[in-house]
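A structural walkthrough
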Amino acid sequence: MWKTTLRRFLIMIPQIILLSILVFMMAKALPGDALSGLLDPSVDPSMIEAQREKLGLNNPWYVQYWDWITKAIQGDFGQSFRFKMPVTDLIGQRITNTIWLSLVTLIFTYLIAIPLGIISGRYNDTWGDRLITGYTYLGFAAPLFIFSLLMLWVFGFHLQAFPTEGSVTPGLVPGTLEYSFSKIYHILLPALSMALITTVSTVQYLRSEIIDTKQRDFILTARAKGASESRIYTHHILRNSLLPIAAFFGYEITGLIGGTVFVEYIFSYPGMGQLFLNSIMLRDFSVVTALVLLYGIASILGSLISDIILSIVDPRIRIK
Amino acid sequence: MNKVTGRIEEELRDPSTSPSSWTILWRELKKDKLALISLIFLGLTIVAVYGVSLVLDQKQIVRVDLFALYQPPSAEFWLGTDYGGRDVFGQLFIGTRNSLSIGIIVTLLTGTIGILVGLISGYFGGAADNLAMRVVDFFMILPTLMIVIAFVAAVPKYSIVSFSLIMTAFLWMGIARLIRSKALQEKELEYVKASRTLGSSHLKIMFTQVLPNLSSIIIVTMTLNLAANIGLESGLSFLGFGFPESTPSLGTLVSYARNPQTLEYRWWIWLPASLLILVLMLSINNVGQALKRATDARQRRG
Amino acid sequence: MALLEVRDLKVYFPVYGGIFRRIVDRIKAVDGVNLTIEPGHTYGLVGESGSGKTTTGRAIIGLNPITSGQILFQGEDIGWGMRGHQSRFRKDIQMIFQDPYSSLNPKKRILDIVSEPLRNFEKLTPAEEKRRVQELLAQVGLSSETIYKYPHEFSGGQRQRIGIARAIALKPKLIIADEPVSSLDVSVQAQVLNFMQDIQKELHLTYLFISHDLGIIRHMCDHIGIMYRGRYVEQGTTREIFENPQHIYTKRLLAAIPDLDPSQRGKRQRQRQLIYQEYDKEFSQYFDHDGLAYALRPLSDTHSAAIPGRGQG
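Residues numbered from 1 in each chain as written. Chains lettered and ligands numbered in written order. Predicted model: local features only at pLDDT ≥ 70, side-chain atom pairs only at ≥ 80, totals over all residues.

Our next topic: the overall build of chain C. Within chain C, the secondary structure is distributed over nine helices and 12 strands. For 313 residues, the compact-globule estimate of 2.2 N^0.38 gives 20 Å, and chain C sits close to it at 21 Å. A principal-axis box enclosing the C-alpha atoms of chain C has dimensions of 65 × 55 × 45 Å. The burial tally for chain C puts 42% of its 313 residues in the buried class. Long-range contacts, defined here as pairs at least 24 residues apart, represent 64% of the contacts in chain C between residues at least 6 apart. (Helix = DSSP H or I, 4+ residues; strand = E, 2+ residues; numbered from the N terminus. Rg over C-alpha atoms; globule rule 2.2 N^0.38 Å. Buried ≥ 20, exposed ≤ 12 C-beta atoms within 10 Å, placed from the backbone. Contact = placed C-beta atoms within 7 Å.)

All names here are of chain B. Contact pair helix 7 (residues 144–154) / helix 8 (residues 160–171): the axes reach a minimum separation of 10 Å and the direction vectors enclose 150 degrees. Compared by their axis directions, helix 7 and helix 8 come out roughly antiparallel. In the crossing of helix 7 with helix 8, the sense of the turn from one axis to the other is right-handed. Along the contact surface, helix 7 presents Thr144, Ile147, Val148, Phe151 and Val152, while helix 8 presents Phe163, Ile166, Met167 and Phe170. Looking at the contact of helix 7 with helix 8, its residues break down into eight nonpolar, one polar and no charged. (Axes fitted to C-alpha atoms, helices over the stretch in contact; angles between N-to-C directions. Parallel < 35°, antiparallel > 145°, perpendicular 65-115°, else oblique. Left-handed = near helix turned anticlockwise from the far one by under 90°. Nonpolar A, V, L, I, M, F, W, Y, C, P; charged D, E, K, R; others polar.)

Before going further, it helps to spend a moment on helix 2 (residues 110–121) of chain C. For helix 2 of chain C, every residue scored as buried is listed here: Ile110(C), Ile113(C), Val114(C), Ser115(C), Glu116(C), Pro117(C) and Leu118(C). In the core, the buried residues of helix 2 of chain C are packed alongside helix 10 (190–197) of chain B together with helix 3 (126–139) and helix 4 (156–168) of chain C.

Attention now goes to the sheet that holds strand 4 (residues 68–73) of chain C. Residue and element names in this part refer to chain C. Spatially, the four strands line up as an open sheet ordered 2-1-4-5, and their pairing is antiparallel. Of all strands in the sheet, those bounded by a partner on one side alone are strand 2 (22–37) and strand 5 (76–77). The sheet contact formed by strand 1 (residues 4–17) and strand 2 spans 12 bridges and is antiparallel. Residue pairing across strands places Glu5 opposite Thr36, the latter belonging to strand 2. (Pairing = 2+ DSSP bridges.)

One recurring pattern in soluble globular proteins: nonpolar side chains tend to sit buried together. Within the largest apolar cluster, 223 residues are counted, with the highest numbers of intra-cluster contacts made by Leu291(A), Val292(A), Ala150(B) and Phe209(C). For this core, the element with the most residues is helix 15 (residues 267–301) of chain B, which contributes 13 residues. Not counting residues up to four positions away in its chain, the partners in contact with Val292(A) are Val23(A), Met26(A), Met146(B), Ile147(B) and Ala150(B). (Core = buried A, V, L, I, M, F, W, Y, C linked by C-beta atoms within 7 Å.)

Once that is clear, we can look at the interface of chain A and chain B. Facing 34 residues of chain A, the contacting portion of chain B comprises 30 residues. The element contributing the most residues to the side of chain A that touches chain B is helix 12 (residues 285–313) of chain A, with seven residues. Residue classes in the side of chain A that touches chain B are distributed as 27 nonpolar, seven polar and no charged.

Here we come to the sheet that holds strand 7 (residues 174–178) of chain C. Residues and elements named next belong to chain C. The eight strands lie next to each other as 6-7-8-3-9-10-12-11, forming an open sheet whose pairing is mixed. Each end of this open sheet is capped by a strand with a single partner; those strands are strand 6 (93–96) and strand 11 (297–298). With four bridges connecting them, strand 3 (residues 42–46) and strand 9 (residues 223–228) associate as parallel partners. Counterpart to Tyr43 in the pairing with strand 9 is His223. This element, helix 1 (residues 53–61), spans strand 3, strand 6, strand 7, strand 8 (206–211) and strand 9 of the sheet and lies at about 150 degrees to strand 7.

Structure, rendered in structure tokens:
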């Protein structure tokens with residue numbers, strides 16, 4: 001067991017190094033560098049050249065990479081020329097919003113997936129199952145951005161049941177109960193929109209897992225021994241099927257990241273996804289670089305956690 | 001089931017028919033009403049979109065007309081006009097054509113790379129395969145969307161070609177992984193070993209012996225990938241990182257909904273494109289899922 | 001001159017382990033095998049599953065890499081040559097596979113399957129190729145209309161005939177038959193075996209016949225080698241092996257052959273029990289402390305057995 005875990009950890013190290021190189025290459029490919037945003041274009045070119053030399057921008061790429069990565073490890077991603085503040089502080093302001101959004105989405109995802117998956121799997125080929133299967137079909141095909149837009153249009157604008165932008169009603173004092181409620185209220189619609197789409201694969205997985213398990217010999221034995229149907233489900237089938245699903249949350253992170261970019265953009269929700277898009281449009285590339293690196297590391301860690309948990313829960317899927 | 005199997009066997013006995021993957025899949029597809037309707041819809045859409053856009057003058061449609069801003073649907077403009085006074089209905093046709101085209105191009109490109117990498121990696125195995133799959137795993141974990149966006153922003157002379165290349169660069173891994181695992185199973189079968197003893201080269205075995213046996217799975221995956229790629233392209237265009245503004249995509253039309261006024265009051269601009277994307281993706285997925293079931297059923301029967 | 005001579009053949013497979021998946025051990029699938037096959041003869045290689053008999057056959061034809069040893073074909077070392085796809089030995093050595101279901105590509109027509117070796121080695125026009133395939137199919141007793149059919153339209157026995165047609169297409173001298181009938185119905189087995197004998201006479205073929213079934217081996221072969229865990233325990237003519245077995249393992253194998261004569265059943269049963277007891281008792285004398293067979297000791301010109309050094313047991 002520890003061997004699998006250790007091996008998985010060792011795989012992660014080259015992954016993170018590869019990621020950092022990829023991000024560094026991307027940063028180099030992005031037009032402009034640390035200076036182009038900071039300096040007035042009218043400054044004497046020789047002055048710029050001197051500055052470039054001083055900042056090490058004329059060094060060979062591996063030296064630049066090393067400088068960049070050692071600073072990044074210490075949490076220094078440079079300055080955002082647009083907001084005139086350190087990138088780290090800027091991301092710090094937005095990260096909590098995105099984490100809350102992701103967390104609520106994850107909770108919704110499981111809240112929807114577990115009952116639907118169980119109903120669909122336990123009573124398969126009934127009209128209820130067909131309804132749920134139809135929904136998963138639709139959710140599987142529907143692009144998140146179209147679905148979110150329709151949700152915003154229907155519930156935000158037409159029914160006016162939810163706020164249509166921001167993360168909190170302006171003017172409220174942080175720390176008050178009202179403020180917290182307002183934050184939750186603002187998260188609900190974007191999180192629900194995202195969860196309704198992302199939950200589909202989990203519903204499908206749970207359904208097929210239950211249908212698969214309930215015909216296994218040990219379930220038939222339990223039934224033959226006279227165990228009640230509800231006991232069979234709570235004690236045998238669900239115990240087997242729910243654990244892997246819980247472990248999937250790490251894999252969900254990559255999907256969530258992509259999702260938050262769309263959802264934050266559509267609901268004008270001030271998180272990292274929105275910051276990312278804005279920074280790209282404003283050519284504030286030091287922010288972009290930091291965000292991609294951060295997101296990449298989050299995804300790598302997510303898959304690490306899921307792989308390890310799954311290898312503990314289910315020895316069959318241990319990585320070779 | 002028996003009747004069907006019997007009929008298939010009967011047809012196969014006829015020396016003129018060959019049970020190519022296509023004929024088998026087509027036969028299964030015909031039994032699935034929803035998928036058949038989807039396929040007919042897709043066919044009609046493709047004919048309509050490519051046919052009509054031959055007649056339509058793209059330049060004229062994307063020309064700004066300041067005297068016809070935000071016109072609601074009328075006899076002249078069937079789906080009204082957008083913020084530049086451009087005909088939404090015409091843009092819908094051109095947008096669908098562009099979205100479909102890029103979807104097909106990216107699917108074919110990623111398919112080709114994925115099949116090549118997967119086949120070679122799975123067939124030869126060993127250390128190179130191990131390394132290739134580690135790299136593939138790595139790229140599959142990454143948040144591809146953001147990296148694609150960053151690269152779109154990074155490319156200096158941005159065009160449709162560079163857009164499809166960027167998408168391809170980050171999307172071939174899934175199919176490579178799938179083909180690799182299938183090739184790994186397939187190469188253990190004795191017909192591959194037999195081919196070796198009969199003097200066929202590895203290259204020949206890979207492409208003329210193993211590849212035909214993967215054709216069903218390739219067709220299914222490519223179909224599902226097509227839907228995903230159209231979704232991703234329109235999503236990127238929606239965010240403003242897809243097609244250049246001069247070539248409208250379905251996502252471009254949807255992106256006008258970013259203006260709250262448009263979203264709330266001018267449904268004709270963004271809703272038709274949104275629904276069209278939805279229906280297109282549903283149809284392609286229906287076809288793909290039906291094909292998938294067909295191949296599974298075949299495996300059960302065989 | 002011998003058609004095929006194998007000298008001290010070793011095939012080891014690596015075992016990977018540890019955190020870095022390095023080679024931690026090697027499985028000795030074939031561990032020092034020597035055999036000689038004369039032209040026109042049938043040499044039987046016998047052993048239980050995992051004894052290395054199939055690996056030996058596959059190593060000879062180049063499907064498994066050889067760790068060490070020599071393979072001589074008509075006195076010439078084919079060495080690593082078999083591994084290249086256009087080796088000139090390819091035409092001379094062919095193989096019949098165990099599983100007639102997976103050894104024919106399900107997506108190919110019979111025409112394409114049987115003509116595969118022809119396309120690799122002979123430049124024929126499509127018409128010539130078709131005629132050759134039809135001739136070959138006629139040789140194995142299949143009608144010429146079958147060329148446009150697919151493998152799944154044939155029975156197991158018919159498929160194995162197609163496999164044989166493909167193997168003889170290049171007019172080989174040696175055919176390695178790896179359990180060619182073990183996945184067929186018993187009723188079809190005899191048919192295919194007799195057919196293989198007919199075709200052997202017709203085409204002057206030499207067979208290396210690999211099987212776990214001693215009854216079949218006795219029917220087919222004139223020389224026999226018996227393998228256990230990668231090594232030879234005994235080899236000799238069919239007569240020597242069946243009438244004068246020397247190694248305890250050989251005796252045990254022979255005792256396990258079911259007897260069709262019911263009147264002899266009780267007697268056979270008692271004999272079998274005796275041999276099993278002897279096997280358990282004397283195992284340590286016949287095998288070293290790793291449970292492996294000793295080196296072969298010659299008993300006559302053709303007969304040798306891996307019996308311990310203190311003389312015949």
